[in-house]
Amino acid sequence: MGSTQDLNLSMFRAYDIRTPSSALTPELAVRLSRAEARYFREVLGVERVILAHDARSSGPAYLTIAADVYQQAGLQVLTMPGVTSTSHFYFTAMQHPDAAAVMCGASHNPAGDTGRKTLGPNVQPIAEHIGPMGGLDQIKAFYIENAANQTVASGTILPITNLDEYITYSMVLAGVTCGGLKGARIMHDYLFGAGGREMMVAFARAGADLTPVHFAADGRFPLGDPNPVKESVIAEGMARLKSGDFLMGAFFDGDADRVDFYAGDGRYLSSSFVYAGVLPQIRARFADRQMGVFADLKSNPLALIEMAKAGVNVGIMRNGHSQIKNALIEDPNYIGAVEESAHFYESFTLGDTGPFSTENTLYIALLAARAWHENPARFEELFAIQARTSREREWGHYFPTDLERQKALDAVQSHFEREGAVACSRTAGGMDLEATMMRRGLPFEIDTDTRLDTGWMQICQRISQSENGLARWEVVADSPEIASAAKDQIIRVVKEFGGSEPYQG
């Protein structure tokens, strides 16, 4: 296995590591673990690493390989036994800020995929160009080099059991007391992923009338890819939601770090509007300081106005878990963020440690349930505001080559610029969005006084950082006719460059 063609280098993505399990053989898994251990010891200078796996069936095998290699490299390995959600994993990293951490899993990807989410000390994301010595780039370099780890003594492997602490912390943070959600009739669909246990325990403690669906972790993912965007995957849960007298429903992805929210009658509330609904409670915890939040470039402009009404500055941010978390680390005036892909971020503290810029989806699920339960009229108001707009939720097209994909992106931008749109590819602070946002009839800077022109439209396009050959688009506009027409125009343009049929997922 001397040539790089045999090494599956395509698994190193912008945010993390993702690959079909068939392409990460036991031999390559050992090699990857050896590179990680070297990075932890030589670059990060840590002596301990937290290790967990999500719901997919391949997780225990990859965790075992990593634990053995890390131990042989002299590291103390703190393992989280059994299926673990990504947010629980992050909380454990907050409890051990001196340690590195690795989650074996692949989020919402197909059941046959695997991967890694990697953290440095203080829950720092390790990704492409992010982290000491380039982060994941350096791990990739060590992986190619494949040098033996130098160690004088074997490390140890110890278990961590902290579920109760995680649940208590999340409830306190959300302002949800024991019995505080009494009378709230809620449905959750976990899609056979990792979120069922912690959510069921927490919501029972909170006194909610919770109906859990597909709550037992099953790495085969019998419904299909554990992705709440896919209508076929959530169809059973959606039918259950609509057939009951529920206040609200929530759908989680495979590792339970994404959560989509619905009203009891099946109406979807986009993540930016959900965030606007809970921001007053978040803002109250930071009452003694000025603060800002980030929203990804696909966020509904009317939702940005509602966020600003909570008394925060709202900045536009590029997509990407690691990039958003790193932006929160670099600018302490920003304390949270939302992505329309149903990810929510915050700068957390734990006792006298922190801040830790990361995710806690249990906290967000509890906070949203509390806000919705206490003030359902506010969420009806947000639904009404959202209904004044129309959204074509993000979809993608696969292309035969990267060159054809770039030509398609350029052609789409040129088309809409001719239609009067203005394109932006950098934040106000100069950060590359690694995407293009096109707006017509609305400014790029939005606050509580912003007024939108009749017929306004926003289009976002980007190259996927986690799937090969894929580009993605999303449209939000003043009316269904404008949004639908824009999507049709994009589909026609990209077909000229070999674009596939639309892909949702």
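To start, this report covers the structure provided alongside it.

Reading guide: rules and limits
- Note that residues are indexed from 1 along each chain, following the sequence as it is written.
- With pLDDT at 70 or above as the cut-off, local features in this predicted model cover only qualifying residues; side-chain atom pairs require 80 or more to be listed or tallied, and sums for whole chains, interfaces and linings still use all residues.
- The side-chain figures draw on all heavy atoms in the structure; neither hydrogens nor water molecules are used.
- Among the buried residues, those of types Ala, Val, Leu, Ile, Met, Phe, Trp, Tyr and Cys that are joined through side-chain atoms within 4.5 Å form a nonpolar core.
- A simple rule labels every residue: compare its accessible area, found with a 1.4 Å probe on the protein chains alone, to the largest value its type can have, and call it buried under 20%, exposed over 50%, or partly exposed in between.
- Strands are runs of DSSP state E lasting at least two residues, helices are runs of H or I lasting at least four, and both sets are numbered from the N terminus onward.
- One bridge is not enough; two strands pair if DSSP finds at least two bridges between them.
- Structural elements are reduced to axes, namely lines fitted to C-alpha atoms, with helices fitted over the stretch in contact, and the angle between N-to-C directions of any two is expressed from 0 to 180 degrees.
- A contact between two residues is defined here by any heavy atoms of the two lying within 4.5 Å.
- Using protein atoms alone on a 1 Å grid, points that fit a 1.4 Å probe yet trap it form a cavity, whereas open point sets bounded by protein on both sides within 12 Å along at least five of seven lines form a pocket; residues with an atom within 4 Å of a point count as lining.
- Grid points are joined across faces, edges and corners, and a volume is the space filled by probe spheres set on the points.
- All residues other than Ala, Val, Leu, Ile, Met, Phe, Trp, Tyr, Cys, Pro, Asp, Glu, Lys and Arg, Gly among them, are scored as polar; the first ten of these are nonpolar and the last four charged.
- Salt-bridge detection follows one rule: a side-chain nitrogen of Lys or Arg within 4 Å of a carboxyl oxygen of Asp or Glu.

Next up on the list: the nonpolar core. Residues Phe203, Phe261 and Met307 are the most contacted members of the largest nonpolar core, which totals 91 residues. Per-element accounting of this core gives the leading share, 10 residues, to helix H11 (residues 361–374). Grouped together as the second largest cluster of nonpolar side chains are 35 residues, Ile17, Phe40, Leu51 and Leu63 included.

This part is about the sheet that holds strand E16 (residues 343–350). Within the open sheet, the five strands sit side by side as E14-E13-E15-E16-E17. Their pairing is mixed. Taken across any chain shown, the strands that pair with only one partner, and hence form the sheet edges, are strand E14 (313–317) and strand E17 (353–358). The mean inter-strand angle of the sheet, taken between neighbouring strand axes irrespective of direction, is 20 degrees. Sheet topology note: the strand E13 (residues 292–296)/E14 ladder contains five bridges and is parallel. Paired with Phe294 across the strands is Gly315, a residue of E14. Sitting on the sheet, helix H10 (residues 321–330) touches E13, E14, strand E15 (334–339), E16 and E17, and the angle it makes with E16 is about 40 degrees.

Space inside the largest pocket adds up to approximately 560 Å³. Taken together, 23 residues line the largest pocket, and the ones lying closest to its centre are Glu231, Tyr262, Tyr268, Arg391 and Arg393. Going through the elements one at a time, helix H7 (231–243), strand E18 (390–398) and strand E22 (470–477) are the ones with two or more residues in the lining of the largest pocket. The residue makeup of the lining of the largest pocket, split by class, is eight nonpolar, seven polar and eight charged. Elements supplying a minimum of two residues to the lining of the second largest pocket: E14, H10, strand E19 (422–426) and strand E20 (432–440). Here the lining of the second largest pocket takes four residues from E14, the largest share from any one element.

Summed over all chains, the structure comprises 29 salt bridges. The salt bridge involving Glu501 is made with Lys495; its shortest N-O contact spans 3.6 Å. Overall, the relative accessible area of 54% leaves Glu501 in the exposed class. A network of salt bridges, in which partner residues are shared, links Glu306, Lys309, Arg378 and Glu381.

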